[in-house]
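# A look at the structure
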Amino acid sequence: MKIVIIGAGISGISTYLFLKKHLPNPASPAEPHQLIIYEGHEANKELKRQLYSKDATEQTTNTIAIGGGLGLGPNGLKCLERLDEALFHDVVRSGHTITQWRMSCARGWELASIGIQTEEDPPTNSVMIGRQALWHCMRQYVPDIAIVHKKISKVVAAAGQRPMVSFDDGAADIECDMVLGCDGLRSIVRKSMFHNEGDESSEKYPPHYEGLVGVGGFIPSSYLRDNGVKNGEKGIVFGANGFFGYGYNTTSPEGQSRNLPHETCDPGDEANWWSTYYLDECPDWRSIDSEDAKRQLIARHSSWKNPVIQKIIKNVKIDSLYPTWTTPGLPTWERAGLVLIGDAADALHPSSGQGANQALEDSECFALLLAHHLKATYLKPERSQQETERLAGEQAAKNYSNMRIPRIEKIHQRSAALGDFKKPKNLVQEMLMYLFIWSMKFFRVDTHTRELTNYDVPSEVGKMLAASRGK
Ligand SMILES: Cc1cc2nc3c(=O)[nH]c(=O)nc-3n(C[C@H](O)[C@H](O)[C@H](O)COP(=O)(O)OP(=O)(O)OC[C@H]3O[C@@H](n4cnc5c(N)ncnc54)[C@H](O)[C@@H]3O)c2cc1C
């Protein structure tokens, strides 16, 4: 099969690796599968050049830090572990094991401490890691030759025909068997799947601005350590006028030899912070006034009774704004050889802490389903190789869409409710919010968290295939 993956972000890279791991090749003399990733953003190429240059170890955190930190939950970590144990250990060692969320409020009250881990012994915890550090770990497992730096300008697909991909540099169009849209929030593949009748330039499901903006970045871990933040602890602080989060996101060289992510360990030099606030109109994040953004940060949080926050807001520089955008619920994630994966299908509210985790689940799920249907058709080839593979791809895409949409809908609903906590509150609403968070400590692991962290992609795929055989 010739499979085009658009985008070399977390979902594009993980989809490539999962497909490489699981796809059975057709019997000789048929052609083996061909997987090509097209990445339009030169920054990825530039970043990779810097990271692999001789003095990569001397890179400042700023170079590696584009995009701040993210949390990998046990579900995302287990996808990585199943994908490749060495990659999994690289990721875990490059981040910091988080065993609990310490939730407090702007008034200085401790509200609850919640563990986000599996119920195994020893438990798998979460890992906080820089977004680029995660990408960098994964990127090392993809050969350079697999990624072509070209921007896709158009994708055309119709039932019964092979999809066509066009490039914005005028290079000749290519035909393939499947196009996997791992092209993020503003996915061109999603746009081509859903437009208004007769108007190809329209977009039926454009990204939705959630009315929240984030600022954040990296800080020395001493800001946290000197103010009593323990190893493995992530600070989550709610107030009437916004939200503040912080946590370690690296591990000390000694800690890297521990049984991570099953144990806590001393942090390395770097930590991250995050502040979210409500803003009716989406700001222009390309032309940020750093001084003004810093003034606003201080105005929002200077009265918050938390020494870590006070230390951070006095010392940080702000050079990016991150408005919160989500992908609206889609009726399907596939059509005529096109499949959406990661943010292209399901950009979630950051409150879910699940965007990258779900991208990993999506990739593994699709690869397992395609592998299953290909194996089945290769055993009993009834048509030409191309037709056999097209039908296998179609079935896999349908199964994938049916499996993933309900899971994402649940996560989306829950994270939208948590996102509301970050919007401005009057005194009564503020107190009710604190009461709700305080009461969370009486439920060690709630049902939603259990469903989230214990999700096992291979067994869910197995159940779905068994159910469809029983029909
Ligand atoms: C502020 C913030 C905080 C977050 N925190 C968390 C967290 O704590 N936990 C978590 O799990 N997730 C978190 N996420 C979400 C997570 O970062 C994303 O879900 C994840 O990175 C999605 O990866 P992706 O590969 O699907 O999309 P992207 O990373 O957007 O990658 C898409 C790629 O496609 C390329 N591309 C796009 N269009 C084209 C084209 N036409 N041609 C060629 N290439 C193209 C782009 O250049 C890009 O490299 C957060 C996100 C944000 C913004």
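In the annotation of an unreviewed UniProt entry, the protein is listed under the name FAD-binding domain-containing protein and assigned to Endocarpon pusillum.

Let us look at the overall build of the protein. When helices and strands are tallied, the protein shows 16 helices and 19 strands. Relative to its length of 471 residues, the protein is compact, with a C-alpha radius of gyration of 23 Å against a globular reference of 23 Å. C-alpha extents for the protein along the principal axes are approximately 70 × 50 × 50 Å. The 471 residues of the protein split such that 53% are buried. Of all intrachain contacts in the protein linking residues separated by at least 6 positions in sequence, the fraction that spans at least 24 positions is 76%. Within the structure as shown, the protein displays about 21,100 Å² of accessible surface, and the carbon and sulfur contribution to it stands at 51%. Looking at the protein, you have 53 positive and 57 negative side-chain charges, and the mean spots of the two groups are 3 Å apart.

Here we take up the site of the ligand. Within the structure, the ligand sits among 28 residues, and Ser-11, Glu-39, Gly-40, Asp-343 and Ala-356 are positioned closest to it. Gly-71 places a main-chain nitrogen or oxygen 3.0 Å from an oxygen atom of the ligand. Taking Asp-343, its side chain carries an N or O atom lying 2.7 Å from an oxygen atom of the ligand. The fraction of the free accessible surface of the ligand (1,000 Å²) that becomes covered by protein chains is 81%. Mapped onto the shell around the ligand, the elements with two or more residues apiece are helix H1 (10–22), strand E3 (69–72) and helix H12 (355–379). With 3 residues, H12 is the single largest residue contributor to the shell around the ligand. In terms of residue class, the shell around the ligand is built from 9 nonpolar, 13 polar and 6 charged.

The subject of this paragraph is the sheet that holds strand E11 (residues 174–175). Pairing is antiparallel across the open sheet formed by 3 strands, whose spatial order is E9-E10-E11. A strand with exactly one partner marks an edge of an open sheet, and here the two such strands are strand E9 (152–156) and E11. Of the pairings in the sheet, the one linking E9 to strand E10 (residues 164–167) comprises 4 bridges and is antiparallel in character. Note that in E10 the partner of Lys-154 across the bridge is Ser-166.

To continue, consider the pairing of strand E7 (residues 126–130). If a strand is regular, its side chains alternate between the two faces of the sheet. Within E7, 5 of the 5 residues are buried, leaving the element largely enclosed by the surrounding structure. In E7, alternate side chains face the same way, and those of Ser-126, Met-128 and Gly-130 on one face and Val-127 and Ile-129 on the other are all buried. As judged from the 4 bridges shared by E3 and E7, these two strands associate in the antiparallel manner. In the strand pairing of E7, Gly-69 is matched with Gly-130.

What follows deals with the UniProt feature "domain: FAD-binding" (unreviewed entry) in the protein. Feature annotation in UniProt assigns "domain: FAD-binding" (unreviewed entry) to the following positions: residues 333–376. With 59% helix and 11% strand, residues 333–376 has end C-alpha atoms that lie 23 Å from one another.

This part covers helix H6 (residues 131–139). For H6, a buried count of 8 out of 9 residues is recorded, marking the element as mostly surrounded by other parts of the structure. Buried residues of H6: Gln-132, Ala-133, Leu-134, Trp-135, His-136, Cys-137, Met-138 and Arg-139, and no others.

To continue, consider the packing of H12 against helix H16 (residues 457–470). Packing of H12 against H16 brings their axes to within 10 Å, and their N-to-C directions diverge by 45°. Considering the angle they form, H12 stands oblique to H16. The element H12 and its partner H16 pack so that their crossing is right-handed. Within the contact between the two elements, H12 uses Glu-361, Glu-364, Cys-365, Leu-368, Leu-369, His-372 and His-373 and H16 uses Val-457, Pro-458, Val-461, Met-464, Leu-465 and Arg-469.

Bringing a nonpolar patch on the surface into the picture now. Taken together, Val-428, Leu-432, Leu-435, Trp-438 and Phe-442 make up a surface patch of nonpolar side chains, about 540 Å² in accessible area. Secondary-structure assignment places Leu-435 in helix H14 (residues 427–439).

Following the criterion strictly, the structure yields 10 aromatic pairs and no others. Plain terms: the ring middles of Tyr-209 and Trp-325 are 5.7 Å apart, the flat faces sit at 55° to each other, and that makes the pair tilted. Here Tyr-209 is found in strand E13 (residues 208–220), whereas its partner Trp-325 is found in strand E17 (residues 322–326), with 116 residues between them in sequence. Put simply, the rings of Phe-244, Tyr-246 and Trp-273 touch in pairs and so form one group of aromatic residues. In this structure, Lys-150 packs its charged tip against the face of Phe-167, placed 5.3 Å from the ring centre.

Moving on, we come to the state of the cysteines. Counted by the stated rule, this structure contains 0 disulfides. Not engaged in a disulfide, the cysteine Cys-137 finds its nearest cysteine sulfur in Cys-265; these two sulfurs lie 15 Å apart.

Residues Ser-28 and Pro-29 are joined by a peptide bond in cis, for which omega reads 10°. Structurally, Pro-29 can be placed in the loop between H1 and strand E2 (34–38). The step from Asp-121 to Pro-122 runs through a cis peptide bond, and the omega angle for that step is -5°. Mapping Pro-122 onto the fold places it in the loop between strand E6 (110–114) and E7. The phi dihedral of Ala-336 falls on the positive side, at around 45°, and the residue is not glycine. Within the secondary structure layout, Ala-336 lies in the loop between strand E18 (334–335) and strand E19 (338–340).

Rules behind the numbers
- Residues numbered from 1 in each chain as written.
- Predicted model: local features only at pLDDT ≥ 70, side-chain atom pairs only at ≥ 80, totals over all residues.
- Heavy atoms only, no water.
- Helix = DSSP H or I, 4+ residues; strand = E, 2+ residues; numbered from the N terminus.
- Rg over C-alpha atoms; globule rule 2.2 N^0.38 Å.
- Buried < 20%, exposed > 50% of the residue type's maximum accessible area, 1.4 Å probe, protein only.
- Contact = heavy atoms within 4.5 Å.
- Areas by Shrake-Rupley, 256 points an atom, 1.4 Å probe, with all protein chains shown as cover.
- Lys, Arg positive; Asp, Glu negative; His and termini not counted.
- Charge placed at Lys NZ, Arg CZ, Asp CG, Glu CD.
- Near = heavy atom within 4 Å.
- Polar contact = N/O pair within 3.5 Å; in protein donor to acceptor, adjacent residues only side chain to side chain.
- Nonpolar A, V, L, I, M, F, W, Y, C, P; charged D, E, K, R; others polar.
- Pairing = 2+ DSSP bridges.
- UniProt positions renumbered as here; feature names shortened; annotations may be inferred.
- Axes fitted to C-alpha atoms, helices over the stretch in contact; angles between N-to-C directions.
- Parallel < 35°, antiparallel > 145°, perpendicular 65-115°, else oblique.
- Left-handed = near helix turned anticlockwise from the far one by under 90°.
- Patch = residues over 30% accessible without salt bridge, like charges linked within 9 Å, V, L, I, M, F, W, Y side chains within 5 Å.
- Salt bridge = Lys/Arg side-chain N within 4 Å of Asp/Glu carboxyl O.
- Phe/Tyr/Trp six-rings, centres within 6.5 Å; stacked < 30°, edge-to-face > 60°.
- Lys NZ or Arg CZ within 6 Å of the ring centre and 35° of its normal.
- Disulfide = S-S within 2.5 Å.

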